Each structure stands twice: as C-alpha cells, then as structure tokens.
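Report on the structure
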Amino acid sequence: MGSIRMPPHWERQNDSLNCRLVLIMLKPVPSTVTPDLSVFDRFNFEEAEKHQVVIIGTGPAGLTAALYTARANLAPVVFQGVNPGGQLMTTTDVENFPGFPEGILGPDMMQRFEAQAARFGADLRYGTVTAVDFSGRPFKLLVDDEKPVLAETVIIATGASAKYLGLPNERRLLGYGVSACATCDGAFFRGQEVAIVGGGDTAMEEALFLTRFASKVYLIHRRNELRASKIMQERAFKNEKIHFIWNTEVVDVHGEKEVTGLRLKNTETGEESDLLVSGLFVAIGHKPNTEIFEGWLELDAQGYICTHPSSTHTNIPGVFACGDAQDHVYRQAITAAATGCMAAIDAERWLAEQDLIDEPRTETEYHVAAAVDSDTGKVIKENAIG
Ligand code: NDP
C-alpha cells in the first residue's frame, strides 16, 4: 500500500476509534478480507476524471453531505447507488423530522433533499461504486465496474439494507409473497391475510400500513415484549386488524409458486404449527452496506464503519463515513443528515489541511450547475458542469 500522510488530529486520536470506546460488540474486528485490486488492472486512471469530493449514497446522510460540500464550493460528485434516496424512499409518513409539523412522505422528503443539494451545484449521478482502492491518494473508485474515478476525499453514505430470516424458501419466494417492504408491496395483498415478523418500530409501522389493504395482519415476534417505541406499540395494539403472535419464530415458508403459509415454532415450548397467509413481510432490522470497504476500513462485528469519536474520520485519512453505514445506534433520518453534515465539514477541513482545495468556481459556473423550480422544489435542469 502507498504511504499516506496522517493529518495532525488523526495522529492525536488514532488509538481511539469510536468502535473501540463503547461496547465490546462494537470492537473493530480484524479484517480477514484482502481487497481484490485486480478489478482495477484494466483501467487507466491517468485519464480518469478527478474530484475533490466523491459522495457514495443519496439517503439523508449523502444528500446532506452533498449540500454542505456544494455550498463549500467543493463541487461534490454524488453516486446514487442502487437505491437512490435510500430507505426513506420506501417509507410512508415521516412524522419525526423537525420542520415538518404535518409530517411528510419519505419520497417527497428525499426529493427536497436532492433539489436542495442540486441547487448549490452537487453533481448527482446514476451509478454504483462497485470497488475502491484506498491504498494511496487520490483514491481510486470504480463505478458500475467500468468507469474509473479519482477522488481526493470520499464520503461514504451507503446506508443499510433490510435483513432476512435466512430460510431457503424465504429466498426462493422473495417477490412471490415474501417482501421486506410493506410500502412497496402491501397493495398486492388487498383483502388477504398476511404476516409480518419483527418487534421493532419498522414492524409496527409496516403492520399498520398493511392494515390498509390486508384483511388481517399477524405480527409474529420471537419474544413476549416489543422493542418498538411506546407510541408505535400503542398504535399497533389499538388496531383491530393486527393480531400478535408472541414467542414465535418463522421456521419455514410454504408455497410452490407463491406464499401459501408459514411454519411457526414457539420459542418456549418448541411446538410447531402452520399459519395460512399469502404474504410474509420481514421487518427484522438492517445491515450496513459496507462490503466494498472490507479490508480497507475498520468495521465492527456487524459491519458498521468505525469512526473517530465525535467525528466522521475513518482509519483512512481522507475517507469519511456517515449515516446508517456508520451509526448502528440512532439510525434516524435526522441523525443521518446530521452526520452527513459532519462528514462534509470534516472533509472540507481535511482538504484545507492538505492544501487540496481547488480554486473556487466562478459565479457563472456556479449558477449553471443546476436549476430548481422555486415553487415545486424539483430539479428542472441537470448539472451542466461537474
Ligand atoms: P430493530 O433492530 O429496532 O428491531 C428489529 C426487530 O426484529 C427486533 O424486535 C428483533 O427482535 C427482531 N429480529 C431481529 N432478528 C430477528 C430474527 N432473525 N428473527 C426474528 N426476529 C428478529 O429494527 P427496526 O428496523 O425496527 O428499527 C431500526 C431503527 O429505526 C430503530 O431505531 C427504530 O426506532 C427506527 N425506526 C423508527 C421509525 C419511526 O420512528 N417512525 C420507523 C422505523 C424504524 P428482538 O427485539 O428480540 O431483538
């Protein structure tokens, strides 16, 4: 690996990454993964486009980082990944984001985030970063396995993805009655009986959403008390269409071409039974989308990126992490946005320390970067410059 000069604040704090401080389960685990650098062999990075800031991900963290770095005149390039907008794109009402007293739909909120970042010149691009080489600066990135990009700093905001139970038939019937997104698929189950697994806020929210369509919603939880917030629990308890099945796990999913039922096991008695439902919604949490950083960045046992306390610095100077890829504790839109802001400020300061801030763009360049409809907040013209 090439040598990388440590910025002064990193040297001071280098032995105290966030993960080391808190619980034992959060300790960084020594990586057994050696990054496969052969994927970079066929690309000539000498001719690759180079940016001061590349942001990976466009949930609240990535788009807030984009807004702040754009306003700092760092001309950020943002790769949107496979799920532009992130998890909020599959959420209905967001009632806990300050500034929206009436609540706002998740996709509408993300459209506003995007428009605001674009207004200040963030260059939002389709494409997924599929490999990184953090061995020296500028960092090398591959987009969609085919486009080489160089970056002086990288802000990782790749978020997290839904977890599944890990049953063979669950995987086989994914999309045929098995889903991890009630908002996306709930309407297919009009008048039918469905089940949802999980005891957290997501399970409550999705169960409530499903009652708009399904005739009955079984909420299956492996314990006899919920993890969800009290307000969400109360809403679910009050809804007559939701039937709780406690101390129970789903051990199999029935159905040839589509889901016809579930095999359940009582966790206390071991007794097994069948439940006839035509849909299974899995709402058991998320895992961070950090696979491509294995071997480069310090990750905890669950795969979350470890950062310095009260900062977004990772173990590689110039690489910053924010949002759900880094935060396993709060995982809220507001905290993701907040850490996105931190990452942008950390990146800006770090670039300045390295003397890597480019000349500011001219007024004209700045104004042609994007145009936004002032009434609707929608982007009406894509960026004209990078
Ligand atoms: P959580 O981690 O909070 O809950 C996951 C649930 O799934 C737990 O009840 C857990 O059981 C259960 N579970 C985990 N693994 C399995 C398994 N293999 N088999 C069966 N059950 C399993 O995740 P959520 O997605 O619900 O929430 C994540 C975060 O997002 C939370 O902080 C939440 O507050 C927040 N959120 C907030 C919302 C809002 O405010 N509107 C909406 C949605 C999420 P156990 O309890 O036994 O561990």
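All values derive from a computational prediction rather than experimental measurement.

Moving on, we get to the overall build of the chain. Each helix and strand counted, the chain has 10 helices and 21 strands in total. Of all 386 residues assigned to the chain, the portion counted as buried reaches 48%. Intrachain contacts of the chain at a sequence separation of at least 6 include 63% that bridge at least 24 residues. On the chain, roughly 19,200 Å² of surface is accessible, and the fraction owed to carbon and sulfur atoms is 49%.

What follows is about the site of the ligand. Near the ligand you find 20 residues, and of these G199, D201, T202, R223 and R227 are the closest. In this structure, G200 approaches the ligand through a main-chain N or O atom, which is 3.4 Å from an oxygen atom. A distance of 2.6 Å separates an oxygen atom of the ligand from a polar side-chain atom of R227. When the free accessible area of the ligand is taken as 920 Å², the share hidden by the protein chains comes to 77%. Of the residues contributing to the shell around the ligand, the split by class is 5 nonpolar, 9 polar and 6 charged.

Bringing the pattern of salt bridges into the picture now. Scanning the entire structure with this criterion turns up 9 salt bridges. Among the ionic pairs, K50 bridges to E152, the shortest N-O distance being 3.3 Å. Remark: E152 occurs in strand β8 (residues 147-156) and K50 occurs in strand β1 (residues 49-56); sequence separation between them is 102 residues. The buried category is assigned to E152, whose relative accessible area is 9%.

With 14 residues, helix α4 (residues 106-119) extends 20 Å from end C-alpha to end C-alpha; this agrees with the ideal 20 Å at 1.5 Å per step. Considered for burial, the residues of α4 that qualify are G106, M109, M110, F113, A115, A117 and A118. Residue G121 follows α4 closely and has a positive phi angle near 100°.

Another point: the pairing of β1. Counting buried residues in β1 gives 6 out of 8 residues, a clear majority hidden from the surface. Two elements, β1 and strand β2 (residues 77-79), share 3 bridges in a ladder whose sense is parallel. When the bridges of β2 are listed, I55 appears paired with V78.

What follows covers the pairing of strand β17 (residues 279-282). Two faces make up the sheet, and in a regular strand the side chains alternate between them. Side chains G279 and F281 project from β17 onto one buried face, and the interleaved L280 and V282 project onto a second face that is buried too. Pairing analysis gives 2 bridges linking strand β10 (residues 178-179) to β17, with the strands arranged parallel. Its bridge partner lying in β17, S179 is registered against F281. Pairing geometry for strand β11 (residues 193-197) and β17, over 4 bridges, is parallel. Residue V197 lies in a different strand from β17, and its bridge partner there is V282.

Axis separation between helix α7 (residues 201-210) and helix α8 (residues 230-238) bottoms out at 9 Å; the angle between their running directions is 35°. Read as a crossing pair, α7 and α8 show a hand that is left-handed. For the pair α7 and α8, the contacting residues are D201, M204, E205 and L208 in the first and M232, Q233, R235 and A236 in the second. Tallied by class, the residues present in the contact of α7 with α8 amount to 4 nonpolar, 1 polar and 3 charged.

In this section: the packing of aromatic side chains. The tally for this structure, following the rule as stated, stands at 12 aromatic pairs. With a centroid separation of 6.2 Å and 55° between ring planes, the pair formed by F97 and F100 is classed as tilted. Aromatic side chains F237 and W246 sit 6.5 Å apart centroid to centroid with 50° between the ring planes, which places their arrangement in the tilted category. On the basis of relative accessibility, which here comes to 43%, the residue F237 falls in the partly exposed class. Pairwise contacts between aromatic rings join F134, F139, F293 and W296 into one cluster. A cation over an aromatic ring shows up here: R71 above the ring of F120, its NZ or CZ 4.6 Å from the ring centre. For K140, the ring lying beneath its charged end belongs to F45, and the centroid distance is 5.4 Å.

Compared with the 16 Å implied by 1.5 Å per residue over 12 residues, the 16 Å span of helix α3 (residues 60-71) between its first and last C-alpha is a close match. Of all 12 residues in α3, 10 are buried; the element is thus mostly enclosed. Buried residues of α3: P60, A61, G62, L63, T64, A65, A66, L67, T69 and A70, and no others. At the C-terminal side of α3, N73 shows a positive phi close to 65°.

The rules behind each value
- Residues numbered from 1 in each chain as written.
- Predicted model: local features only at pLDDT ≥ 70, side-chain atom pairs only at ≥ 80, totals over all residues.
- Heavy atoms only, no water.
- Helix = DSSP H or I, 4+ residues; strand = E, 2+ residues; numbered from the N terminus.
- Buried < 20%, exposed > 50% of the residue type's maximum accessible area, 1.4 Å probe, protein only.
- Contact = heavy atoms within 4.5 Å.
- Areas by Shrake-Rupley, 256 points an atom, 1.4 Å probe, with all protein chains shown as cover.
- Near = heavy atom within 4 Å.
- Polar contact = N/O pair within 3.5 Å; in protein donor to acceptor, adjacent residues only side chain to side chain.
- Nonpolar A, V, L, I, M, F, W, Y, C, P; charged D, E, K, R; others polar.
- Salt bridge = Lys/Arg side-chain N within 4 Å of Asp/Glu carboxyl O.
- Expected span 1.5 Å × (residues − 1).
- Pairing = 2+ DSSP bridges.
- Axes fitted to C-alpha atoms, helices over the stretch in contact; angles between N-to-C directions.
- Left-handed = near helix turned anticlockwise from the far one by under 90°.
- Phe/Tyr/Trp six-rings, centres within 6.5 Å; stacked < 30°, edge-to-face > 60°.
- Lys NZ or Arg CZ within 6 Å of the ring centre and 35° of its normal.

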